[in-house]
Amino acid sequence: MIDRTYTGDVTPEMDGETVAVAGHVHELRDLGGLVFVIVRDRDSLLQAVFKEDREPELFEAAEDLGAEDVVRIEGEVTESGQAPGGVELVPESLDLIDEADAPLPLEISKDVDADLSTRLDNRGIDLRQPDVKAIFTLKSVLMDAMEDWFEQEGFVDVDTPLISKGGAEGGAELFPVVYYEEEAFLSQSPQLYKQILMASGFDKIYETGTAFRAEDFATSRHVSEIAMFDVELAYIEDHNDVMDVQEESLRYALEQVAEHAAPELDELGVDLTVPDEDFPRVTFDEALDILEDEFGHFPDDPTDLDTKGEKLLGEYFEDQGHPAFFVVGYPDEKFYYMQNVEGDDIASRKFDLIYKGQELSSGGQRQHDVDAMREMMQAEGVDESNFEFYLNALSYGTPPHGGYGLGIDRLVQQVCELENIKEAILFPRDPNRLAP
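Criteria and thresholds
- Residues numbered from 1 in each chain as written.
- Predicted model: local features only at pLDDT ≥ 70, side-chain atom pairs only at ≥ 80, totals over all residues.
- Heavy atoms only, no water.
- Axes fitted to C-alpha atoms, helices over the stretch in contact; angles between N-to-C directions.
- Helix = DSSP H or I, 4+ residues; strand = E, 2+ residues; numbered from the N terminus.
- Parallel < 35°, antiparallel > 145°, perpendicular 65-115°, else oblique.
- Contact = heavy atoms within 4.5 Å.
- Nonpolar A, V, L, I, M, F, W, Y, C, P; charged D, E, K, R; others polar.
- Buried < 20%, exposed > 50% of the residue type's maximum accessible area, 1.4 Å probe, protein only.
- Arc of directions from axis to C-beta.
- Polar contact = N/O pair within 3.5 Å; in protein donor to acceptor, adjacent residues only side chain to side chain.
- Pairing = 2+ DSSP bridges.
- Salt bridge = Lys/Arg side-chain N within 4 Å of Asp/Glu carboxyl O.

Q: Run through the packing of helix α8 (residues 284-295) against helix α9 (residues 307-318), naming residues and quoting values.
A: Their axes nearest at 10 Å, the elements α8 and α9 cross at an angle of 80°. When the axis of α8 is compared with that of α9, the two are roughly perpendicular. Together, Ala287, Ile290, Leu291, Glu294 and Phe295 of α8 and Gly309, Leu312, Leu313, Glu315, Tyr316 and Phe317 of α9 make up the contact between the two elements. Grouping the amino acids of the contact of α8 with α9 by side-chain chemistry returns eight nonpolar, one polar and two charged.

This is the structure:
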């Protein structure tokens, strides 16, 4: 490994020490007889000051540098209130490791004046932007916190297949693949496998994985390849136990982001509010009433909320101090959701979590009675032969269980207040983008 210190680890307390840093040339300022070289690495920025009258050869080498050249600079740490981080380097050596082509396709040291498509076409450069790097540093903190909460609560980390015989949700939203001599599909969801694990005695599991949707969309909230955080737990009383887990884990994750990703939030200009009160839980019918009474809005599909409806409900609850809330009891749901339970005043035990006006997850209590599921599958016209592995696994004693799938990218989009979900994904995939 090249001997170096991350720029963020160089502090004013190291005044007088000799260190080496390595990274990209973020910015150059030539003031005539004085060249400031700002080096950027994974952590942050550090300024090195080259003076012609002190080291003429080093000064000339610094003058020849270009934006985004990869360099290693060794020198003495000097405390400076004018420099980024309160310190700068007095250089003793400068090594040009790799020279960058010029001109750059995108500006790095200043705000990018380019549309999202252009930025994504040049993602290798776009990812160098401080605000873009902040998004993915925050994303890492968020995911570490989510996994930490579930580990503390005794959930087991699992991996389920990305290739399956049938889709958990069926329909035309499947990517077919050639699997030897059979047709198979890229996974929409680990739903069926999570339920099999509940029947097998893995009573609390989570998975950080990928899902695929073959919808032909053009929105700011959809992509074809989706990062998901899936959860399932057994021996539940009802769907409220599942919502409790989601609420507590999300609150913990947001707390950790507020504490450990404060510089990234500042870079993005986000004032993150961590909800400390219980998330409201309203029925689907109550949500429709709010939309009608408060906004005069009626979703086109009477069995679901539309994008505008979610945004309006988000405004309604945020005005009351609740950025996150649940909508419970969607009608006309899939065969694996528990429906028409005697005594229930809701159509199904299925819920959505909406955060800052956007749906982040769907979940609920599952149907664990195989006979009831077969009846629903027949009524829905589902080909049972594609699901025999699943039905058989649940036929030998399955506890009441439930879970949810959380869209990681949507969560990051909302936390970072991004206009488009693609900004929250390193290399996004949509109907028109298969590269880079």
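Additional details are given in the paragraphs that follow.
Q: Tell me about helix α10 (residues 370-380), residues and numbers included.
A: Buried within α10 are the following residues: Val370, Met373, Met376 and Met377. Viewed along the axis of α10, the buried residues span an arc of 120°, placing them on a single side of the element. Set apart from the buried face of α10 by more than 90 degrees, the exposed residues are Asp371, Glu375, Gln378 and Ala379. Those residues of α10 that are buried lie in contact with α11 (388-393). Where α10 begins, one side-chain oxygen reaches toward the backbone nitrogen of Asp371, 3.0 Å away; that side chain belongs to Asp369.

Q: Tell me about the sheet that holds strand β9 (residues 182-186), residues and numbers included.
A: Overall, antiparallel pairing links the three strands, which are arranged β7-β9-β8 in an open sheet. Of all the strands in the sheet, just β7 (163-164) and β8 (176-179) have a single pairing partner and so form its edges. Where β7 meets β9, two bridges bridge the pair, whose relative direction is antiparallel. When the sheet's bridge partners are listed, Ile163 is paired in β9 with Leu186.

Q: Give a description of the environment of Lys356 that names residues and reports values.
A: Following the sequence through the fold, Lys356 ends up in the loop between β14 (350-355) and β15 (358-365). In this structure, the C-alpha to C-alpha distance between Lys356 and Val415, residues 59 residues apart in sequence, is 8.5 Å. Other than its neighbours up to four places away in sequence, Lys356 contacts Leu272, Glu318, Pro323, Gln414, Val415 and Glu417.

Q: Residues and numbers for the pattern of salt bridges, please.
A: Pairing between side chains of opposite charge can happen when the charged atoms of each approach one another. Tallying each qualifying case throughout the model produces 25 salt bridges. A salt bridge links Arg123 to Asp126; the nearest nitrogen and oxygen atoms lie 2.5 Å apart. You can see Arg123 and its partner Asp126 sitting in helix α3 (residues 123-126), three residues apart, about one turn around the helix. Residue Arg123 is classed as buried on the basis of its relative accessible area, which comes to 1%. The shortest N-O distance in the salt bridge between Glu232 and Arg366 comes to 2.9 Å. Taken as a pair, Glu232 in strand β11 (residues 225-234) and Arg366 in the loop between β15 and α10 lie far apart in primary sequence, 134 residues in all. Owing to a relative accessible area of 1%, Arg366 belongs among the buried residues under this scheme. A cluster of three or more residues bridged by salt bridges with shared partners is formed by Asp3, Arg72, Glu74 and Asp95.

Q: Describe unusual backbone geometry, listing the residues and the values that go with them.
A: Put simply, Ala102 and Pro103 share a cis peptide bond, and its omega is 0°. With respect to the helices and strands, the residue Pro103 is situated in the loop between β5 (87-98) and α2 (116-121). Cis geometry marks the peptide bond from Ala435 to Pro436; its omega dihedral reads 0°. Tracing the backbone shows Pro436 in the segment after α12 (408-415). Of note, the phi angle at Tyr235 is positive, near 60°, even though the residue is not glycine. When you line up the elements, Tyr235 lands in the loop between β11 and α6 (239-260). When its relative accessible area of 62% is taken as the criterion, Tyr235 is described as exposed.

Q: So what's going on with the sheet that holds strand β4 (residues 70-79)? Which residues, and what values?
A: If you trace the five strands once around the closed barrel, you get β1-β2-β3-β5-β4, paired in mixed fashion. In this sheet, neighbouring strand axes are inclined to one another by 55° on average, regardless of whether the strands run parallel or antiparallel. In terms of strand pairing, strand β1 (residues 18-30) meets β4 through seven bridges, oriented antiparallel. Directly across from Ala22, in β4, lies its bridge partner Arg72. Each of β1, β2 (34-40), β3 (45-51) and β5 is contacted by helix α1 (residues 56-63), which is oriented at about 65° to β5, the strand it contacts most.

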